[in-house]
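Chain and residue survey
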Amino acid sequence: MDVRNSPPFPRFALEHTAIHRFAAMADEYLFELKESCADALAPPPQPADVPIQPPSDMIIDSEEHNVVENPLESESALIVSPDQTGSDTDLPDLIRADDIDAMRELALTPLLEQPETIDDVADTWHVEGWRSLGKKEHGPVFQAGGYPWRILLFPFGNNSDSASFYLEHGFPDKPPDDWYCCVQFAIVMWNKNDPALYHQNMAYHRFTKDEGDWGFTKFFDLSKLFHGDWNEDGRPMVEDEAVNITAYVRVVKDETGVLWHNFANYDSKKETGYVGLKNQGATCYLNSLIQSLYFTNAFRKAIYQIPTQDEETLSNSAYTLQRLFYQLQTSNSAVGTNELTKSFGWETRHIFEQQDVQELSRKLMERMEDKMKGTEIENVLQKLFGGKVETYISCLNVKYESRRVEEFWDVSLNVKGNKGIEDSFKDYISVEIMNGENQYYAGEDYKLQDARKGVIFESFPEVLHLQLKRFQYDVERDAMMKINDRYEFPEIFDAGPYLSDKADRSEPWIYQLHGVLVHSGDLNAGHYYAFIKPTKEGWFYKYDDDKVTKATLREVLEDNFGGAFPLNGARPTKVAPLIRHNSAYMLVYIRQTRLDSVLLPVTKDDTPPHLQKKLDEELALREARRKEKEEQHLYSIIRVITEDTFRIHGGTDLTIFDQHHDQNPAAARSYRVLKKSTIQELAEKVGHDTGADPRRIRFWFMVNRQNKTVRPDQPIMEPNLTIEATYQKMATSKAIDLRLWAEVAEEVDADGAPIWPTHQSLQNGTVPKNDLILLFLKEFDVEAQSLFGIGHIYISKEKKVEDLLPVILKKMGWVEKSPNGERTMVKLYEVSSMLFPHAHVLTSPQEIKPAMIEAMKAKQSLRAAELQDGDIVCFQRYIESRGSDSRSSESRSSDSADRESFSHLTHRLARTDSDNSNGLRAQSVNAIQLSSDRFQDPRLFYDFLLHKRTVTLHPHPSKGINRENYETFELVMSSKHSYDQLAARAGEKLGVDPTHLRFWTMNVNTGAVKGAIKRGHTVTVGSMLNAPYSTFTTNNQSLNHLYFEVMEISLAELDTKKFLKVIWLSEGISKEETFDLLVPKNGTIDDLIQALIKKAKLDDEDTAGRIRLYEASNHKFHRQLKRDAQVISLSDYVQIIAERMPEDDINVDESHLINAFHFQGEPNKPHGMPFRFSIIEAEKFSDTKKRLEQRTGIKGKNFEKIKFAVVQAGGSFDVDYEVVGPQDKIIMDGQKERQGDFVFTATETGEYRFCFNNQMSTFAEKFVDFEIAVENEQRASIPSKQGTSPEQTSALEESIFKLSGQLSTISRNQKYFRTRENRNFSTVRSTERRIFNFSVIESLMMMCMAGLQVFIVKFFFQLPGTPSSSTIRPSRAYFLLFLPACSIFKTHFPFLPETRSPNDSLPPNLNTPEPPKTNNQAEDRDTPTPATKLRCMPAAPIADAYAIDVGGVDEVRV
């Protein structure tokens, strides 16, 4: 059977069979079914034409609508019999299927939404000849609600083993596109001869054009249609091939327009005129609050008036709230709250944490109030949301009272124990009588007096926020719980009765409901949404995150009262009612007389102009991007290299493709053109941008070469070819962008048509072939230290390299010989130097790839040089004065180029740390600058371009650098530059000595300082910026940012110092100051103290007192440092603390000093600053506390909050204890107790002493907790009223006294068990630590034992003459191998040529010295033979042990 048709709230449907013949009992069962099966509701069915899954007991088709079938056929079905009812007189009349009214009441059960009924129709279809029916049959059409309907029948099942019934509309054609109808219907199949035998199912659905039929795929089992063994009468459902089918159709009114809506393609803006807010994760509570404030129009208008034009940042909450409100006002779709939450400072984890709405509302109001200070709207929020309440205490018997007036922004009302807000307000202002032990102290004149205490409202705000206390602490469960009790609130509420008599009543204090904020769920998980009435008159709307729908008044009020679901006329039963989990937690009321001023219209003109402009620009940009994305398939991106971009380009290759031309003029021009446009149209755009004639522009297709360069390959000669066809025809890869080079013809014919050197088509269409190639020229200018493009040339492949000279001279406009006789010599970069017979000489290397250029041979042809279209030739100009020897000049140039190789330049540095003289330091700086800034060879410059890094240097945030004097700057460096070169460049920029600069790395995620970079001769800029040994998860170092620190000493001197961080305690332990100190590595603690005095500007020890230093680890005292101890021995992983020695600690025996530390709850949770404290024998603890207060520097109430405990870090588990009372009377004592809880009652007034003794030493901590409580305190005499006896005591006072005693007992028991729990936890943790320590000791002992075994074997069993190293040189040696047989040895060592027989005796050199070797043997030892004999024989007396004789082996590795 299918389960159909249920919205989020419980929906009910009943299947009834003839075996349940008692209508009244069916009603009762219906209610029980509603309450017990509400959580088991299943999703709706699919339409009739959707394939159905294989048969099962229950099929779930979707999640929008549910129908609950009556599980009467299951074992848990309710069977009503006369035995259950008690007597025949209790049995109701039998319901028959031909009784239309009775069956309608049974089948069409009440709906939770209680919609208004428009029409109620029943129609019966008499089906004849069941077995002869087709696969699908339609019943007769009938009218209901003004629309045609009919039954759709699958007599043999719709892909199931059950007969399938559906209700569908009866339109002859398709219904209108916007047609829909909400229908509750039931289908009843019944025996025409016995109407008491029937089967029925109920469902409800929103019929639309797309969902025109709905019903039950598994309505009735086919196996039961013609057999009667399933019921008591034995009659089949289909008898004589005939059966009656009645459809009960109830058309209901859809007041909200979304009744049973599936919200597919639902548009909130179109349906309601409003938009929702997107849920970031768990921000539904924020969304409901923001919507409530947004529709408080006066608040929205006030937010718009906050001046934010000078602070348009997303960290400004007022600005982000303005943006959010404007988007809610103008957007057509749901709006996000990301900007607002970021302005709150929320991180990702806060997005998924539900926070308190009341607290969030108050914080938001505080922020907005701060932004409104000093403006015209400074008091707007107080006027809107602020009220006044008076707290008073009035004495009953004397004329004395105390009154205080306070402002409030919201009112918190108790839900527990109250039926509605009227009861809560009465409870809020109820008067409390203060008498008995709770009497009010009325000053010195009147002392304790009976009094009345209460609150009364002086005024209510225009917008009243009521916070309902749905979440409260449950004492029994010891946890926060949600209160789901029914709590009613009206639409109209009169607040006048709760105001004081002196309140202004010129206007009525009647409030109208404006908003209901709802929580659905429990304490741990739930969902928030809001019902808000945006206008004075009109509908309420439900704002559920990004979805906005209309809501009825019942949905606003009744559905959010909480409590149990209503019975809707059903008979109550003993089954526990089903409790709603959705209930109101915040109410918003607006004073009726101020509705017009609060809900005033807010238009676009009320928004700040700067806000409109900013958001309109962002909206236009988003629309453009959206449109561009939608039309992306129609366009192509073309990257075009032009002559001007090539000339400006100062890097490798022809241009830069990954940057935009507007940002970098050297980057290729980008064009977004239609794929259907032609190459000629593209040429017109390029010509317009470059000023060239479009007819003279020819494009070359760029290809990716194997050497990772992009060069022109062949021209596009068809100007009318489309971009899409060009891409498909010419592209060799599937790159998104089409890359082209625009060539401008230098010559034209008489008609103005371009003349191309290559690929020029003749009139007959043929293309003549020639040997011209296209080359690009670049010049390296030594003086300007720049590289730039010159242009392109065509030259024959048969030409020689030296023939490039006149072409380049013409291109550059250089003369062969200057008037003053200067000439330029030409040298080619190759193994030998050659001279051209010309006056001008060029250095002409070929650019092979971005990381490589190669010198060209002068006499070599271009074909032999393997030049092709698109290759780049780089040249450099040298000028030689008249009369100089050319060859010597060439030699000098060659030698200079060799010496000035980049490797030599980057490492030719003077050692500034060896001599601190200014002259040597200046010389070093000049050498560094020369080597890093000047390149005499294009090869070096190309290498620099390859390794160029732009380094951004920031002043260190916490190293005493004046950030006003030092600003952030950038340096262009090579990754091969050294630490000293970077320091030299930075020192020149900053005007400081580079030897005093230290660099620090930066965290790329947080921008925080990571660590200092150690200076070294092998440290380069590349290694400084790239973290060594980094992985994907740990590499968080910035690749182009560093911090710099200007130190007082040089880096060389820093290497001789040890950096220490010392915490100085100036006022006990309450005031801490941290100082970074540099002390010589060979210094002592005394030197560290002197450095501290100098750095912190302290008085010397002779004047202010002796200073002591001690180490702390994990907030506990570690050890006190001796003044003669070496600082090099100090660990970097402990805290070093310095303080003046207190007078109590001077000349005190070490045994009288104890270590003190702070902990929270348990000793293993320490915190704060540890210290040492001297103990005095027989001192009262009260005096000890006074000394502790003076020692710690913690005063007043802060010190009173501290509790004290004794924690012993040493000693065994056995503790001796003794409690001594007044007159030295021993109350209790014990010896060698390991654990215990001791409680005693002090019956005498006096001094009590506690002594705990533990002498032995272990690693376990002991925790002694003291708890002193005063019980059965003498009751104070209560001043009696005049005329009453002093002994008179009320029953209430006695009850309070008894209750106080019981609470004291409970508190004592809680502390007792808490102490036991802490002790047990401490025991477990102590045992864990002991086990760990023993494991470590055991591991160390095993390692020592293994080392000892190796030493014994090596020392006692090494053969005489065997080398001690791990390599055995040519000799004869024996090894003992424990193997099962020689065959295994042979298997694992197949190089063994043969083995000796096991019967052979041991070689004599195991017992006697080895006999002298023959010459042949000596030769074998020097020259190993291919067949070296290794003999394997048993070594008695150990079984499975063999001795191996290795002879003539060169070397055996052990």
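Scroll up a little and you will see the structure.
A few points on the structure. (Residues numbered from 1 in each chain as written. Predicted model: local features only at pLDDT ≥ 70, side-chain atom pairs only at ≥ 80, totals over all residues. Heavy atoms only, no water.)

Read across the sheet, four strands follow the order β1-β9-β6-β7 without closing on themselves; strand pairing throughout is antiparallel. Strands at the two margins of the open sheet, each flanked by one partner only, are β1 (117-127) and β7 (198-208). Put simply, the sheet's adjacent strands are angled 15° from each other on average, direction ignored. Looking at chain direction, strand β6 (residues 180-190) and strand β9 (residues 243-252) are connected through nine bridges and run antiparallel. Bridge pairing links methionine 189 to isoleucine 245 in β9. (Pairing = 2+ DSSP bridges. Helix = DSSP H or I, 4+ residues; strand = E, 2+ residues; numbered from the N terminus. Axes fitted to C-alpha atoms, helices over the stretch in contact; angles between N-to-C directions.)

Per the stated rule, a full pass over the model turns up 58 salt bridges. The closest approach of N and O atoms between lysine 363 and glutamate 359, which form a salt bridge, is 3.2 Å. In this pair, lysine 363 and glutamate 359 are both assigned in helix α10 (residues 357-372), four residues apart and thus about one turn of the helix distant. Judged by relative accessible area, glutamate 359 falls into the partly exposed class, the value being 43%. Taking the shortest distance from any N to any O, the salt bridge between lysine 859 and glutamate 802 comes out at 3.0 Å. Remark: glutamate 802 occurs in the loop between β34 (786-796) and α20 (804-812) and lysine 859 occurs in the loop between β37 (852-855) and β38 (871-877); sequence separation between them is 57 residues. For lysine 859, a relative accessible area of 40% gives the class partly exposed. Three or more residues are tied together by salt bridges with common partners; here these are Glu390, Glu401, Arg403, Glu458 and Lys502. (Salt bridge = Lys/Arg side-chain N within 4 Å of Asp/Glu carboxyl O. Buried < 20%, exposed > 50% of the residue type's maximum accessible area, 1.4 Å probe, protein only.)

This part is about the side chain of aspartate 544. Locating aspartate 544 in the fold gives a position in strand β23 (residues 540-544). Here aspartate 544 is in contact with His527, Tyr528 and Tyr529, once residues within four sequence places are set aside. (Contact = heavy atoms within 4.5 Å.)

To continue, consider the environment of lysine 675. By the secondary structure assignment, lysine 675 is in the loop between β27 (669-674) and α18 (679-690). Sequence separation between lysine 675 and isoleucine 637 is 38 residues, and the spatial gap between their C-alpha atoms is 9.2 Å. When neighbours within four sequence positions are excluded, lysine 675 is seen to be in contact with His633, Leu634, Tyr635, Ser636, Thr722, Ile723 and Glu724.

Moving on, we get to the sheet that holds strand β13 (residues 432-434). Hydrogen bonding along the main chain pairs the strands of a sheet, whether they run parallel or antiparallel. Strand order in the open sheet formed by four strands is β11-β10-β16-β13, with antiparallel pairing between adjacent strands. Each having just a single partner strand, β11 (401-408) and β13 make up the two edges of the open sheet. Sheet twist, expressed as the average angle between the axes of neighbouring strands with direction ignored, equals 25°. Across eight bridges, strand β10 (residues 387-395) lies against strand β16 (residues 451-459) in antiparallel orientation. From the neighbouring strand, valine 389 faces β16, where its bridge partner is phenylalanine 457.

One pass over the full model with this rule turns up 53 aromatic pairs. Here phenylalanine 408 and phenylalanine 457 contribute two aromatic rings whose centre-to-centre distance is 5.7 Å and whose plane-to-plane angle is 75°, an arrangement assigned as edge-to-face. One end of the pair, phenylalanine 408, is in strand β11; the other, phenylalanine 457, is in strand β16, with 49 residues separating them in the sequence. Here phenylalanine 408 and phenylalanine 457 have matching classes, each one buried. Counting every residue linked through ring pairs, the aromatic cluster contains Phe408, Phe425, Tyr428, Phe457, Phe460, Phe493, Tyr498, Trp509, Tyr511 and Tyr589. The ring of tyrosine 180 has arginine 206 lying over it, and the distance from NZ or CZ to the ring centre is 4.0 Å. Above the plane of the ring of tyrosine 635 lies arginine 672, whose end atom (NZ or CZ) is 3.9 Å from the centre. (Phe/Tyr/Trp six-rings, centres within 6.5 Å; stacked < 30°, edge-to-face > 60°. Lys NZ or Arg CZ within 6 Å of the ring centre and 35° of its normal.)

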